[in-house]
Amino acid sequence: MSVVDSYRRRGKKPKPFPVSPPQTVSVGDGELTTYTYGRDVYEDMLAAIEGAEKQILFETYIWKGDEVGGRFKAALAAAARRGVEVYCVYDGFANLVVSPGFKHFPPGMRVLRYPVYAAGLKFWDVKRYGRDHRKILVVDDEVAFVGGFNVGTPYATEWRDTHVRVTGPEVWDLKRAFADFWNLNRRHRLGRSERPLLLETASEWEPRVRIHRNVPRLWVFPIRNMYLEAISRATKNVWLTTAYFIPDADFVDALCLAARRGVDVRILLPLKSNHVVADWLSRGYYSQLLEAGVRVLRYRDAMVHAKTATIDGSWTTVGTANIDRLSLSGNYEINIEVIDEGFAEVMENIFATDQTNALELTLGEWEARDLHRKFTEAVLAPLRPLL
């Protein structure tokens, strides 16, 4: 399947795609800024790192050893040299192809490589097989970033993703999320344990913004429940963007039931993603969705990697969790949930912009698909519970 993915990308040059500029909305005592273009969010993340005075918490799934990845590494190393506490986490499996030399870090940086195989001798313990799919940056208790962007040059200009910059009380929630992961997974080195990351807790609480995190080691998966509850409450619209759409039966039923009761349900996903298997598996749900009245929009000319949804002009989520079983009931993930009309309006406008670059799939078009597509859907159907 990797060979097929490589073949599909061969000789293809990146094409421009519409993006929305960064937009800031005040929510309670903080602000939320949306980013839909990698170059924009990278510049602001690097500026925050370069201005750090006390502490930086940086976590990513993919950290490429290219120009952009090198800029982040250099900025973090420079912060450590000037006395800033720098903690970094990256996923070992996601970065197997990254040069070993890039993964050598200065002594001042505390780096946790989440292992390729984390179960150890407990190979039967499924709770230890989740990947660290989160993307978080927290600087000085003042500002944080969370969303779908990995760190690497292709994501700066070639992928359509969504990230959020956060200020206010929610920064502490993201900081706690990082610290809990660090303390749960810190490795033993040279006969001693990596020291725990101890944090004071803030008392502020913003009821309109919540941070949800999946923690497979604790068998905690709130993001799926967050989605299902919001969809079941929908009365006007459900606009959902995801890179990979391989949901469970309950999730599909929730979307279909919403559409049948008159809710405008739209799912925006890649016309061709970077994983051909995910594309083939996604198509197995199209008949059921289209027959129920769900609109399927396929984003063209670029990989849409965003994980967002907005409902009824008041509810929104942005984060790292795709609508698939690996994200919703397997991996370490983190999403921000916002109940605010101003932020929902921004996200609806972003969705509308994305829709201008999408092809809508009709039921007639889908029913007329060729035999080899039907064959691949049927053959891969048994794999859905595993992905």
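Predicted, not measured: the structure shown is a model, and the values here were computed from it.

*Asks:* Describe the overall build of the protein chain, with residues and values.
*Replies:* For the protein chain, the helix and strand inventory stands at 13 helices and 21 strands. For the protein chain, contacts bridging at least 24 residues in sequence account for 77% of all contacts bridging at least 6. Carbon and sulfur atoms provide 54% of the accessible area of the protein chain, an area that totals close to 17,100 Å².

*Asks:* A description of a nonpolar patch on the surface should follow, citing residues and the corresponding values.
*Replies:* A cluster of nonpolar side chains, Phe 93, Leu 96, Val 97, Val 116, Tyr 117, Phe 123, Trp 124, Val 126, Tyr 129 and Trp 219, forms an exposed patch at the surface whose accessible area comes to about 1,200 Å². Locating Val 116 in the fold gives a position in the loop between β5 (109–114) and β6 (136–139). Taking relative accessible area as the criterion, Val 116 reaches 32% and is therefore assigned partly exposed.

*Asks:* Can you lay out the pattern of salt bridges for me, pointing to particular residues and giving the numbers?
*Replies:* Here the structure, examined in full by the defined rule, presents 17 salt bridges. Among the salt bridges present, the one from Asp 125 reaches Arg 128, with a minimum N-O distance of 3.1 Å. Arg 128 shares its class with Asp 125; the two are buried. In this structure, the salt-bridge partner of Arg 134 is Asp 132, at a minimum N-O distance of 3.9 Å. Through salt bridges that share partners, Glu 59, Asp 132 and Arg 134 make up one connected network.

*Asks:* Lay out the side chain of Ser 20 with the relevant residues and their values.
*Replies:* If you trace the backbone, Ser 20 turns up in the loop between α1 (2–9) and β1 (23–27). Ser 20 gets classed as buried once you look at its relative accessible area, which sits at 7%.

*Asks:* Let's hear about the packing of helix α6 (residues 222–233) against helix α7 (residues 249–260): which residues, and what values?
*Replies:* Where α6 contacts α7, the axes come no closer than 9 Å and their chain directions differ by 20°. Between α6 and α7, the interaxial angle falls into the category roughly parallel. Our pair here, α6 against α7, has a crossing hand that is left-handed. Taken together, the residues of α7 that come into contact with α6 (itself represented by Arg 224, Tyr 227, Leu 228 and Ile 231) are Asp 250, Phe 251, Ala 254, Leu 255 and Ala 258. Classifying every residue of the contact of α6 with α7 by side-chain character gives seven nonpolar, no polar and two charged.

*Asks:* Which residues make up the pairing of strand β20 (residues 333–339), and what values go with them?
*Replies:* Where burial is concerned, most of β20 is hidden: six out of the seven residues are buried. The pairing of strand β11 (residues 209–214) with β20 spans six bridges and is antiparallel. When the bridges of β20 are listed, Arg 210 appears paired with Glu 337.

*Asks:* Which residues make up the confidence of the model for the protein chain, and what values do they have?
*Replies:* Averaged over all residues, the pLDDT of the protein chain is 90; the fraction at 70 or higher stands at 89%. Segment residues 188–192 is flagged for pLDDT under 50; beyond a separation of four residues in sequence, or across chains, it makes six contacts in the model.

*Asks:* Got a sec to walk through the UniProt feature "domain: PLD phosphodiesterase" (unreviewed entry) in the protein chain? Specific residues and values, please.
*Replies:* As annotated by UniProt and renumbered to match this structure, "domain: PLD phosphodiesterase" (unreviewed entry) occupies residues 128–155 and 300–327. Structurally, residues 128–155 is divided into 11% helix and 32% strand, and its ends, taken at the C-alpha atoms, are 29 Å apart. Counting secondary structure, residues 300–327 comes out at 11% helix and 46% strand; the distance between its end C-alpha atoms is 24 Å.

*Asks:* Which residues make up the packing of helix α2 (residues 38–50) against helix α3 (residues 67–81), and what are the values?
*Replies:* Between α2 and α3, whose axes approach to 9 Å, the crossing angle comes to 15°. One finds that α2 runs roughly parallel with respect to α3. Read as a crossing pair, α2 and α3 show a hand that is left-handed. In this structure, α2 uses Tyr 42, Glu 43, Met 45, Leu 46, Ile 49 and Glu 50 to contact α3, whose residues at the interface are Val 68, Arg 71, Phe 72, Ala 75, Leu 76 and Ala 79. Along the lines of polarity and charge, the residues of the contact of α2 with α3 split into nine nonpolar, no polar and three charged.

*Asks:* Break down the sheet that holds strand β15 (residues 295–299) for me, citing the residues and quoting the values.
*Replies:* Taken in spatial order, the eight strands of this open sheet run β11-β20-β18-β17-β12-β14-β15-β21, and their pairing is mixed. Every other strand in the sheet has two partners, leaving β11 and β21 (358–361) as the edge strands with one partner each. Taken over all neighbouring pairs, the strand axes of this sheet differ in orientation by 15° on average, direction set aside. As judged from the five bridges shared by strand β18 (residues 315–319) and β20, these two strands associate in the antiparallel manner. Across the sheet, the residue bridging to Thr 317 is Glu 337, located in β20.

*Asks:* An account of the packing of aromatic side chains is requested, with residue identities and associated values reported.
*Replies:* Scanning the model with the defined rule gives 23 aromatic pairs in all. Consider the rings of Tyr 35 and Phe 145, whose centres lie 6.3 Å apart with planes at 40°: the pair is tilted. Taken together, the residues Tyr 35 in strand β2 (residues 30–37) and Phe 145 in strand β7 (residues 143–147) connect sequence positions 110 residues apart. Overall, the relative accessible area of 1% leaves Tyr 35 in the buried class. Consider the rings of Tyr 155 and Trp 159, whose centres lie 4.9 Å apart with planes at 85°: the pair is edge-to-face. Taken together, Tyr 42, Phe 58, Trp 63, Phe 72, Tyr 90, Phe 102, Phe 105 and Phe 149 form an aromatic cluster joined through their ring pairs. Its end group placed over the ring of Phe 102, Lys 73 keeps NZ or CZ at 4.8 Å from the ring centre. The residue whose ring lies beneath Lys 175 is Trp 172, and the NZ or CZ to ring-centre distance is 4.8 Å.

Definitions and cut-offs
- Residues numbered from 1 in each chain as written.
- Predicted model: local features only at pLDDT ≥ 70, side-chain atom pairs only at ≥ 80, totals over all residues.
- Heavy atoms only, no water.
- Helix = DSSP H or I, 4+ residues; strand = E, 2+ residues; numbered from the N terminus.
- Contact = heavy atoms within 4.5 Å.
- Areas by Shrake-Rupley, 256 points an atom, 1.4 Å probe, with all protein chains shown as cover.
- Patch = residues over 30% accessible without salt bridge, like charges linked within 9 Å, V, L, I, M, F, W, Y side chains within 5 Å.
- Salt bridge = Lys/Arg side-chain N within 4 Å of Asp/Glu carboxyl O.
- Buried < 20%, exposed > 50% of the residue type's maximum accessible area, 1.4 Å probe, protein only.
- Axes fitted to C-alpha atoms, helices over the stretch in contact; angles between N-to-C directions.
- Parallel < 35°, antiparallel > 145°, perpendicular 65-115°, else oblique.
- Left-handed = near helix turned anticlockwise from the far one by under 90°.
- Nonpolar A, V, L, I, M, F, W, Y, C, P; charged D, E, K, R; others polar.
- Pairing = 2+ DSSP bridges.
- pLDDT = per-residue confidence, 0-100.
- UniProt positions renumbered as here; feature names shortened; annotations may be inferred.
- Phe/Tyr/Trp six-rings, centres within 6.5 Å; stacked < 30°, edge-to-face > 60°.
- Lys NZ or Arg CZ within 6 Å of the ring centre and 35° of its normal.

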